Amino acid sequence: MTFGRVNPNFRLEDQGIDGLENVHYNLIEPALIEAALKNGEGTLGRGGAFLVSTGKFTGRSPKDKHVVATPSVKDSIWWENNAAMSPEGFDALYEDMLEHMKGGTYYVQDLTGGADPAHAIKVRMVTELAWHGLFIRHLLRRPDRDALDGFVADFTVINCPSFQADPKKHDCRSETVIAMNFDRKIILIGGTEYAGENKKSVFSLLNYLLPEKDVMPMHCSANHAKGNPVDTAIFFGLSGTGKTTLSADPGRTLIGDDEHGWSSRGTFNFEGGCYAKTINLDPEAEPEIYATTSKFGTVIENMVYDEETRELDFDDDSLTANMRCAYPLEYISNASDTALGGHPKNIIMLTCDAFGVLPPIARLTPAQAMYHFLSGFTSKVAGTERGITEPEPTFSTCFGAPFMPRRPEVYGNLLRSKIAKHGATCWLVNTGWTGGAYGTGSRMPIKATRALLTAALDGSLGDVKFRTDANFGFEVPVDAPGVPTVLLDPRRTWDNPESYDRQAAKLVKMFAENFEQYLPHIDEDVKAAAIG
Ligand SMILES: Nc1ncnc2c1ncn2[C@@H]1O[C@H](COP(=O)(O)OP(=O)(O)O)[C@@H](O)[C@H]1O
Ligand SMILES: C=C(OP(=O)(O)O)C(=O)O
Ligand SMILES: [Mn+2]
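Residues numbered from 1 in each chain as written. Chains lettered and ligands numbered in written order. Predicted model: local features only at pLDDT ≥ 70, side-chain atom pairs only at ≥ 80, totals over all residues. Heavy atoms only, no water.

Peer 1: Looking at this structure, I do not really get the packing of aromatic side chains. What am I missing?
Peer 2: The relative placement of two aromatic rings is captured by the distance of their centres and the angle of their planes. With the rule as written, the count across this model stands at 22 aromatic pairs. Relative to Phe-270, the ring of Phe-203 has its centre 6.1 Å away and its plane inclined at 50 degrees; by these criteria the two rings are tilted. Separated by 67 residues along the polypeptide, Phe-203 in helix α5 (residues 196-209) and Phe-270 in the loop between β17 (266-269) and β18 (273-277) bring together distant segments of the chain. When sorted by exposure, Phe-203 lands in the same class as Phe-270, which is buried. Aromatic ring contacts, followed pair by pair, group Phe-355, Tyr-371, Phe-377, Phe-395, Phe-472, Phe-474, Phe-511, Phe-515 and Tyr-518 into a single cluster. Seen from the ring of Phe-466, Arg-363 lies directly overhead, with NZ or CZ sitting 3.9 Å from the centre. (Phe/Tyr/Trp six-rings, centres within 6.5 Å; stacked < 30°, edge-to-face > 60°. Helix = DSSP H or I, 4+ residues; strand = E, 2+ residues; numbered from the N terminus. Buried < 20%, exposed > 50% of the residue type's maximum accessible area, 1.4 Å probe, protein only. Lys NZ or Arg CZ within 6 Å of the ring centre and 35° of its normal.)

Structure (structure tokens):
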């Protein structure tokens, strides 16, 4: 049986996917919730939110992500960072997954990625779980109902958590698999229920496709001044560094919280929704995000709640520290209704420094910005990747290495030429530790980060006195509105300044060692900006 609305010439059968018992095409939110409840996938929460737990997998499985080594992409994939799968392994995986699906009930959502129609990609998501359909309907962009009648997907993603891959037969690492085949235009996800895999697989896809069109794909959030998209800011950052939190600034218009493109026309969100962490979510500090947790259809993933009152416990991280809520952009009252921005005037690179060495904000020259973009120093925070239980310092190039199919210089050079062309001002912002490393110091107060960002974005920080940092060579404000002066000089926040110096020296060495891999690929000015 088939239900719902679909292009009659582009059913699953037309794609060679058949033998399913029931297919639900493009159900809207209430119908997806009904289906998910009927299937016993989760519980209804306050305000009609949908509460679900994902079992063993509560974060991404980056080691199980594969790119299929087909002839057309062989020379353009950065294989050191992307695990290869043979075309034969993929073909067997696809065949076995389709076999496994036979007789089952599936949900199809026909959606797009990319708010700029010139660069949008049509994606068909086929999910075993109704709530994954709801999740991806929030996160991607929903075409008009009428457009569904002529919808033909560019790429198809099949997500089947109950399928277990066979490493020998399918040329993968474990029973969990995420496999991207650019030639067959198919992405297969199996053996994990974590919803983030759905959205990040579409991101990885666009990260591969867009550079060919001279569009820079970015792991960043974005906002603009109210009523003035020319004043756009983007915030690069690996998971947990504050993209979602800091872009949801009530004083500005939110463009998006995670994935954007920068074309010759300006910035555009890839997505139509947000995926926010809810651990310790404070209704006073984050009223907008907090309010979404009791709105109709918001997906609440891996949060503990009271069975009787359905009250959410924001402090209980017993399921995972990576507990989340997913909601459409329009649930945030100051969100842009176009999801488009101008050319970034300010580029913020967020780093969560668990060593407590980097200052809360520094101004970067374009060459320094390139150096930090390629380095991507930060920490992995607990939960978003399997196996990470406390902040773990890492260099994640482009502030999003797990999602970058091409070599870092491809993205670096694109960004660099756009920064030069549009004269963006670049900043490095440490949202990590102050007053000592993780374990002794404390997390940078959000209030201070927000005050510094406000001053950077409204231009007032440009007027203060700066010092040149002895270890890192960037400029650090000596004084700034709304933050204690001492905070601006991390050395002074440590009980023992000599310990700071030792830790800083260690970090400088780590930067230098990590950057060696990029030296053969970069220009003299970036080499001159190198640390150590
Ligand atoms: N100074 C700070 N700046 C930003 N976030 C902070 C800061 N201090 C603590 N946090 C917390 O860190 C987390 C940042 O997560 P999030 O904004 O979801 O990051 P991302 O979107 O980059 O994955 C939130 O839980 C936030 O409350
Ligand atoms: C969903 C994710 O993104 P982020 O933490 O950057 O919001 C993730 O990394 O799984
Ligand atoms: Mn986020």
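Moving on from the coordinates now.
Peer 1: Looking at this model, I keep getting lost on unusual backbone geometry. Mind explaining?
Peer 2: A negative phi angle is the norm for most residues apart from glycine, just as the trans form is the norm for most peptide bonds. Positioned with a positive phi, Asp-214 is a non-glycine residue whose angle comes to about 65 degrees. Looking at the element boundaries, Asp-214 is found in the loop between α5 and β12 (216-218). Positive phi outside glycine occurs at Cys-398, with the angle close to 60 degrees. Counting through the fold element by element, Cys-398 comes out in the loop between β27 (392-395) and α9 (408-422). Since its relative accessible area comes to 1%, Cys-398 is described here as buried.

Peer 1: How should the UniProt feature "binding site: Mn(2+)" (unreviewed entry) in the protein chain be read in this particular structure?
Peer 2: Under the UniProt annotation, "binding site: Mn(2+)" (unreviewed entry) lies at Lys-200, His-219 and Asp-258. Taking the farthest pair of C-alpha atoms as the criterion, the annotated set spanning 59 residues converges on one region, since that pair is 10.1 Å apart. Within the secondary structure layout, His-219 lies in the loop between β12 and β13 (220-225). Classification of His-219 by relative accessible area gives buried; the value is 1%. Contacts of His-219, omitting those with residues within four sequence positions, involve Lys-200, Phe-203, Phe-235, Phe-236, Gly-237, Leu-238, Ser-239, Lys-243, Asp-258, Phe-399, Gly-400 and Phe-403. In terms of polar contacts, His-219 uses its side chain to reach the side chain of Asp-258, at 3.3 Å. By secondary structure assignment, the location of Asp-258 is in the loop between β15 (252-256) and β16 (260-263). (UniProt positions renumbered as here; feature names shortened; annotations may be inferred. Contact = heavy atoms within 4.5 Å. Polar contact = N/O pair within 3.5 Å; in protein donor to acceptor, adjacent residues only side chain to side chain.)

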